[in-house]
Each structure stands twice: as C-alpha cells, then as structure tokens.
Amino acid sequence: MQNHAIKGMYVAVLAALALVGCASGPGASHPASPDMPWLERLSFGVNSQVLTRYQKLGREGYLTEQLQPGDGRVPDSVAQEITDLKISKTDGGTLLMTVTAEQKRINALPEGPEKQAARQALNDQGNQIVYETRRRELLRAIYSPAQLKEQMMWFWLNHFSVFEQKANVRWLLGDYSERAIRPYALGKFRDLVMATLKHPAMLQYLDNAQNSAGHINENYARELMELHTLGVDAGYTQQDVQQLARVLTGVGVGGPDEPKLKPELQTFYKREGAFEFNPARHDFGSKRLLGHVLTKHGFPEVTEAVDLLVRQKACALFISRKLAIYFAGDDPPAPLVNRMAQTFQDSDGDIAAVLHTLFTSPELAAQAGRKFKDPMQYVVSAVRMAYDTRIVENMHPVANWLNALGEPTFGHQTPDGYSMEDPAWTSSGQMSRRFEIARTIGFGSAGLFDPENGGPATAVGFPMLTTPVYYTVLEPSLSAQTRNALQRARSQQEWNLYLLASPEFNSR
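From a predicted model like this one, the values you see are computed outputs, not experimental measurements. (Residues numbered from 1 in each chain as written. Predicted model: local features only at pLDDT ≥ 70, side-chain atom pairs only at ≥ 80, totals over all residues. Heavy atoms only, no water.)

Considerations on helix α8 (residues 173-181)
Taken across its nine residues, α8 has seven buried, putting it largely inside the fold. Three or more residues of α8 are buried, namely L173, G174, D175, Y176, S177, A180 and I181. Those residues of α8 hidden inside the fold are in contact with α5 (92-108), α6 (113-143), α7 (147-159), α9 (189-197) and α10 (200-205). (Buried < 20%, exposed > 50% of the residue type's maximum accessible area, 1.4 Å probe, protein only. Helix = DSSP H or I, 4+ residues; strand = E, 2+ residues; numbered from the N terminus. Contact = heavy atoms within 4.5 Å.)

Below is the structure:
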C-alpha cells in the first residue's frame, strides 16, 4: 500500500470518529525544522532528553555521540530493574546446563501428575526468561540516551533472528542479546557475525549443533550466506553452501564434560561457555569456497571462511541496502547504497562508519516522512511520546501490543526475520490494531504504572501530549486533514488518540 493510501485510510477513520466540538488541539503552526525528521530517524522517537542533547551538541555533534555512545546509561531506576532480572545474574551457558539437567531429571520421572507439574513449572520459567529478555530490550529502547545503538540492537536481533520456541533457545535469549549482539551493534560487522556464529542460541536454532563430518546439516551454512552476509542473489552456488557446511562441522554446543579426544585432535579443541568446537566432529578435508581454497584447519578455518564472506562486495551491498531500507525507505536510492557499501569495504565493515555515511546523506533528508514505522518503532515511539522520561513500571502491556501487531521480539519462526518494508505493516487489520493501541494509550495509563509485583498503581489518568516536544518535532509536519481532525476532538483523550493514530505519527 502506498503512502497516500495509508494517509487516506487514517483520515477516513479520524473523520468518522471526530465529532464537532471544542478545539482542544494545537494553535498556529510552527515553522518546521529540517533537522527534526532527521532526528526522528536517529531515535525511537524524539523526547525531551533527545531534544535537549541535540540543541546542546548540534547536528554533527549529536550524530558523533550517537555513533560512539559509550555505555548509554539508562536512568538509575531502570538500571536497577535490569540488574534485578534473572537474565542479568546468570550467564546463558550456566542456565543452559541447569535446564538440560532438569529436563533429564523430568524425563526420568514416571508418567503422572508429578511429571506433568514439573514440565509445567519448567515451561513457566522459560516463558519468564523470554519476557525478561523482551522487558530488558524495551526498557533500553525507551529510556537509553543511546537511541541509535538501541535501534541497531533491534535491527541486528532481527537480522540475526532466532526463534524462542526452537529447542532450548528461549533459555539463551538474554545471553544472546547481551553477549552476541549488544557489544558489536555499532562495531565491525565481522565481529558480529562471529559472535552470533559461536552462540548456542544460533547453533541450536539453525541446527549446526547437529552438523558433523559424515552427517552434514546445511541449514546454518545456507542462512549464513543468504540471510546474514551475502544475500540471495550474490552468485554463490549450492556447492558453496555445501562447502561452507563442511567448514562448520564440529561447531556446536558443549555438554557438561569435555569430549575425550585423540591426542592429535586435542590442540584443535575450543570451548567458550556453552560454545564448543569439537574436532572429532569436524571435516578436515580440503574445501573451496567462492572460488578460494581455504588454507587453515580446525576452527581457524571457520574464521577464514567468515572473513572471506564479509569482505565480498555483495556483503557490503546487501547490508548497506538493508540498513538503508530500515532508515530511509523501501526503495533506497542506488547512489546512497553504493556509497554506504564503499564505506563498508573501505572501513572493513565498520557499522558506525556506514551509518555516518547514511545519516549525512542528502538522500536520507529527501525521504523524510515516507518510511512507515514497523510495530517496534510505533509502540516504543508512542510510549516515549506519551510519557517522555517518566519510567514505566509494567512492560507487559508494551510486550502485548507488539504481539498484537505481529512483531514480538524473538517471535519470528523462520530465520529471515520480520520484514522491514512497509507493505508488511499496512494492512487494514494492522491499522485497526494500531488505532486500538492509540486509544488505550491516549485514554489512560494503560496498566503501564501497575507494578509487576501486584502493588497499587503509581499513576492514573491519561497523558498530556501537547508538550514542547510535540510543538517542536511533530506539529509542523501535520497535514491539513490531521489538523482538522485534532481540532474537532471533544476531549484531550480524543486528541491524544487522533495524534497517535495519525499518518504523521505512524511514519518517520
């Protein structure tokens, strides 16, 4: 669905619901700043913190800070919430070993109520791990000053997608996001690929834990090339997939004890947490990948293959275009993608450098307002708009909204991740659900301030969206139709609803 069709749908909905009444919306239009749409792209939605920092540092200074954000410290109360989470206290390898032992114990129980209750208790614990991981990502997305890094966290978690319901993946999600993605979100792409390659969540999800000499499993090798590095049209062959699968034999998940190896294989063994390279499962035969004969042996052969993949021009173009689609629009200009790809190659895959090329480009400015927000962008920006820096105490409503909109973190079953292109999110059903979420937020506190421990709510009532941030960032971009709908709102709550459901708020 094209952008004008989306706007027409929203205007029709707003016009149907807005009855003639007192004008409770904005007054005269303020002149638009060309930097505000740019700032909206750089963040999950401008709030007072972003605006203040931008006004202090200026455009280039703010961009530099976002590309080199340090620890991106969240408010103290949010930091304490994150520290108190179980996933923040237990590494994935330890948790996996504990769960595996418990599964073994449960399987040994005789069939009956005790076994059923034990399975249910373990399942409930796994669901809590998934929620905690989502909660931590949402807390950071909403409150971290390092907004570009948080957007890249979402982007890479989707690019290197894993599904919570596969094998024991859900127990590893917190560790996966924290150790395999977060440290490299603005770093070198090669390091990101290697970190995900060695993580048990990815190895279980794409079945490489079962990949061994004589029993080849091509799943991960295929997706490593097609979805993670080169793209589907990069010119590689099925033979290349097979060769890469052979390279990846022995790359898997370790058990509680190290394997007993022949003396000549012991020097090849590698273990990092739950990750294991078992040379007894590795194919040591010669291999030819993308026309290159690989020269190393054991796990160094894996790093040699990854280096070869990420330094292909096809990889630079594939990643650059995907980034441009996410930030600029579904059909990014070829000159922009080519410049980003050149930066990718010149900088040896430096993600921050590629983003600098993107965010200093004239093409990005020309695309302002044309990119439809995916559900994560919409929900997080709505919470940031409604409550600014006020700390939400209950993330269950936010997680539920993402689920209702079809984009829960770690919820995509296939490894291609959620679509970053507009048509995936512009159906009539999606519009209807967004309208209901806008109503829920606009008319009250939506359960966001009901403590998760069951205590009394810390806030009631509806948010006030007519803030300085609104007048500076969003109000100048509103169309005549949206202004008319806002002016016809009968109450502040209706005005909130119409704003959060407007075409302008749903785009960036």
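Notes on the packing of aromatic side chains
This structure, assessed with the given rule, holds 19 aromatic pairs. Their ring planes at 55° and their centres at 6.3 Å tell us that Y418 and W425 sit as a pair that is tilted. Judged on exposure class, the residue Y418 and its partner W425 are both buried. Ring plane angle 65° and centroid distance 5.0 Å describe the contact between Y470 and Y471, whose orientation is recorded as edge-to-face. Here Y471 falls in the partly exposed class, since its relative accessible area comes to 25%. Taken together, W38, F155, W156, F160, F189, Y326, F327, F344 and F359 form an aromatic cluster joined through their ring pairs. A cation over an aromatic ring shows up here: R390 above the ring of F449, its NZ or CZ 4.9 Å from the ring centre. (Phe/Tyr/Trp six-rings, centres within 6.5 Å; stacked < 30°, edge-to-face > 60°. Lys NZ or Arg CZ within 6 Å of the ring centre and 35° of its normal.)

Some details on the nonpolar core
One finds L39, M152, W156, F189, L244, L355 and F359 to be the most contacted residues of the largest nonpolar core, which totals 142 residues. With nine residues, helix α18 (residues 375-387) is the largest single contributor of residues to this core. Per-domain counts for this core show at least three residues from each of domain 1 (4-55 + 372-501) and domain 2 (313-366). F189 has contacts with W156, H159, F160, H228, T229, V310, C315, I319, F344, G349 and I351, leaving out every residue within four places of it along the chain. By size, the runner-up hydrophobic cluster in this structure holds 10 residues, among which are V99, A118, L122 and I129. (Core = buried A, V, L, I, M, F, W, Y, C linked by side-chain atoms within 4.5 Å. Domains from an automatic or database assignment.)

Digging into the sheet that holds strand β2 (residues 270-272)
With respect to topology, three strands assemble into an open sheet ordered β1-β3-β2, the strand pairing being antiparallel. The open sheet has two edge strands, β1 (251-253) and β2, and neither has a second partner. Going across the sheet, the axis of each strand differs from the next one's by a mean of 25°, ignoring polarity. Relative to strand β3 (residues 275-277), β2 is paired through three bridges, and the arrangement is antiparallel. Bridged to K270 within β3 is F277. (Pairing = 2+ DSSP bridges. Axes fitted to C-alpha atoms, helices over the stretch in contact; angles between N-to-C directions.)

What to know about the domain arrangement of the protein
How large an interface is tends to be reported as the accessible area lost when its parts come together. Per the domain assignment, the segments of the protein are domain 1 (4-55 + 372-501) and domain 2 (313-366). With 10 residues of domain 1 at the interface, the matching set in domain 2 holds seven residues. Summing both partners gives a buried area of about 870 Å² for domain 1 against domain 2, and 51% of it is carried by carbon and sulfur. Here domain 1 is connected to domain 2 by zero salt bridges. Applying the counting rule to domain 1 against domain 2 returns four residue pairs in polar contact (both at pLDDT 80 or more). Take the side of domain 1 that touches domain 2: its biggest share by element is three residues, from helix α2 (residues 35-42). Here the side of domain 1 that touches domain 2 is composed, by residue class, of five nonpolar, one polar and four charged. (Buried area = accessible area lost by both parts, 1.4 Å probe. Salt bridge = Lys/Arg side-chain N within 4 Å of Asp/Glu carboxyl O. Polar contact = N/O pair within 3.5 Å; in protein donor to acceptor, adjacent residues only side chain to side chain. Nonpolar A, V, L, I, M, F, W, Y, C, P; charged D, E, K, R; others polar.)

As for the packing of α18 against helix α20 (residues 428-443)
Helix packing for two helices is described by the angle between their axes and how far apart those axes are. At their nearest, the axes of α18 and α20 sit 11 Å apart, and the two run at 20° to each other. Accordingly, the angle class assigned to the pair α18 and α20 is roughly parallel. With respect to the hand of their crossing, α18 and α20 are arranged in right-handed fashion. Where α18 abuts α20, its residues P375, Y378, A382 and A386 lie against Q430, R434, I437, A438 and I441. Of the residues assigned to the contact of α18 with α20, the class counts are seven nonpolar, one polar and one charged. (Parallel < 35°, antiparallel > 145°, perpendicular 65-115°, else oblique. Left-handed = near helix turned anticlockwise from the far one by under 90°.)

Some words on empty space enclosed by the protein
Counting across every chain of the model gives five cavities of 30 Å³ or more. Here the largest cavity is characterised by a volume of approximately 90 Å³. Around the largest cavity, the lining residues are E40, G45, V46, K373, S381, M385, V469, Y470, V473, L474 and F505. The set of elements that each furnish at least two residues to the lining of the largest cavity consists of α18 and α21 (468-474). Examining the composition of the lining of the largest cavity, we find that four residues originate from one element, α21, more than from any other. Here the lining of the largest cavity is composed, by residue class, of seven nonpolar, two polar and two charged. Estimates place the volume of the second largest cavity at around 60 Å³. Every residue along the wall of the second largest cavity is listed here: W154, L157, N158, S161, P408, T409, F410, G411, H412 and Y418. Here the residues of the lining of the second largest cavity sort into five nonpolar, five polar and no charged. (1 Å grid on protein atoms, 1.4 Å probe; cavity = no way out; pocket = protein on both sides within 12 Å on 5 of 7 lines; lining within 4 Å. Points joined across faces, edges and corners; volume = space filled by probe spheres on them.)

Quick look at α18
Residues spaced three or four apart along an α-helix face the same direction, because each turn holds 3.6 residues. Across its 13 residues, α18 extends 18 Å between first and last C-alpha, which sits within 8% of the 18 Å expected from 1.5 Å per residue. The buried fraction of α18 amounts to 13 of the 13 residues, a majority that puts the element mostly inside the structure. A side-chain oxygen of the first residue of α18 lies 2.9 Å from the backbone nitrogen of M376; this N-cap is D374. One or two positions beyond α18, positive phi appears at D388, with a value near 50°. (Expected span 1.5 Å × (residues − 1).)

Structural notes on the confidence of the model for the protein
Here the protein shows a mean pLDDT of 92. Residues at 70 or above account for 93%. Per-residue pLDDT stays below 50 along residues 1-31; that stretch engages in 60 contacts with residues further than four places along the chain or on separate chains. (pLDDT = per-residue confidence, 0-100.)

Focus on the environment of R311
Topologically, R311 is positioned in the loop between α13 (299-310) and α14 (313-327). Considered as a pair, R311 and D450 are 139 residues apart in the sequence and their alpha carbons are 50 Å apart. Those residues within four positions of R311 in sequence are excluded, and the remaining contacts are Q345 and D348.

Observations regarding the pattern of salt bridges
The final tally for this structure, using the stated rule, is 30 salt bridges. In this structure, the salt-bridge partner of R246 is D283, at a minimum N-O distance of 2.7 Å. Of the two residues, R246 is situated in helix α12 (residues 238-247) and D283 in the loop between β3 and β4 (288-289); the sequence distance between them amounts to 37 residues. Neither residue differs from the other here; R246 and D283 are each classed as buried. Notably, a salt bridge pairs K371 with D422, separated by 3.4 Å at the nearest N-O pair. Note that K371 is positioned in the loop between α17 (362-366) and α18 and D422 in the loop between α19 (396-404) and α20, a separation of 51 residues in sequence. Each of the salt bridges in this network shares a partner with another, and the network as a whole consists of R136, E137, R140, E150, E178 and R182.

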